[in-house]
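# An overview of the molecular structure
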Amino acid sequence: MLSSYSKSSEGFVAKSFNSNEINVINDVVSELTFNKEAQKQHMYVKVKYVKDTGEWQAKSFNFSKYVED
């Protein structure tokens, strides 16, 4: 049996020197269980937003992940 659930999620706005660009760092913690063995996963998702034609739009996504024992 495989199951997964989100344990927590937080977002942080990174400092930007450009008023038309914002970087948001999302810190996501989840737990994956397979055959009664649980594994905690921690992922950072960086989303770059750019103000284009008066509206904020997501332009790029960067993911990094590590697995805890």
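Read on for a plain summary of the structure. Remember, it's a predicted structure, so these values are computed and weren't measured experimentally.

Here we take up the environment of Ala-14. Within the secondary structure layout, Ala-14 lies in strand S1 (residues 2-14). For Ala-14, a relative accessible area of 28% gives the class partly exposed. If near-sequence neighbours (up to four positions away) are discounted, Ala-14 is found in contact with Asn-23 and Ile-25.

Another point: the environment of Asn-20. Counting through the fold element by element, Asn-20 comes out in the loop between S1 and strand S2 (21-34). Sequence separation between Asn-20 and Lys-51 is 31 residues; the distance between their C-alpha atoms is 5.0 Å. Dropping the residues within four chain positions of it, Asn-20 is found in contact with Tyr-49, Val-50, Lys-51 and Trp-56.

Another point: the side chain of Glu-31. Relative to the helices and strands, Glu-31 resides in strand S2. The residues contacting Glu-31, other than those within four sequence positions of it, are Ser-3, Ser-4, Tyr-5, Lys-7, Ala-38, Gln-39 and Lys-40.

Positive phi is not limited to glycine here, since Lys-36 has a value of about 70°. Within the element layout of this structure, Lys-36 appears in the loop between S2 and strand S3 (37-52). For Lys-36, a relative accessible area of 84% translates into the label exposed. Positioned with a positive phi, Thr-53 is a non-glycine residue whose angle comes to about 55°.

The next thing to look at is the pairing of S3. Taken together, the 14 bridges between S2 and S3 define a ladder with antiparallel strand orientation. Directly across from Val-28, in S3, lies its bridge partner Met-43. Where S2 folds back on S3, the antiparallel hairpin that results is connected by two residues, among which Asn-35 adopts a positive phi of roughly 50°.

Calculation rules
- Residues numbered from 1 in each chain as written.
- Predicted model: local features only at pLDDT ≥ 70, side-chain atom pairs only at ≥ 80, totals over all residues.
- Heavy atoms only, no water.
- Helix = DSSP H or I, 4+ residues; strand = E, 2+ residues; numbered from the N terminus.
- Buried < 20%, exposed > 50% of the residue type's maximum accessible area, 1.4 Å probe, protein only.
- Contact = heavy atoms within 4.5 Å.
- Pairing = 2+ DSSP bridges.

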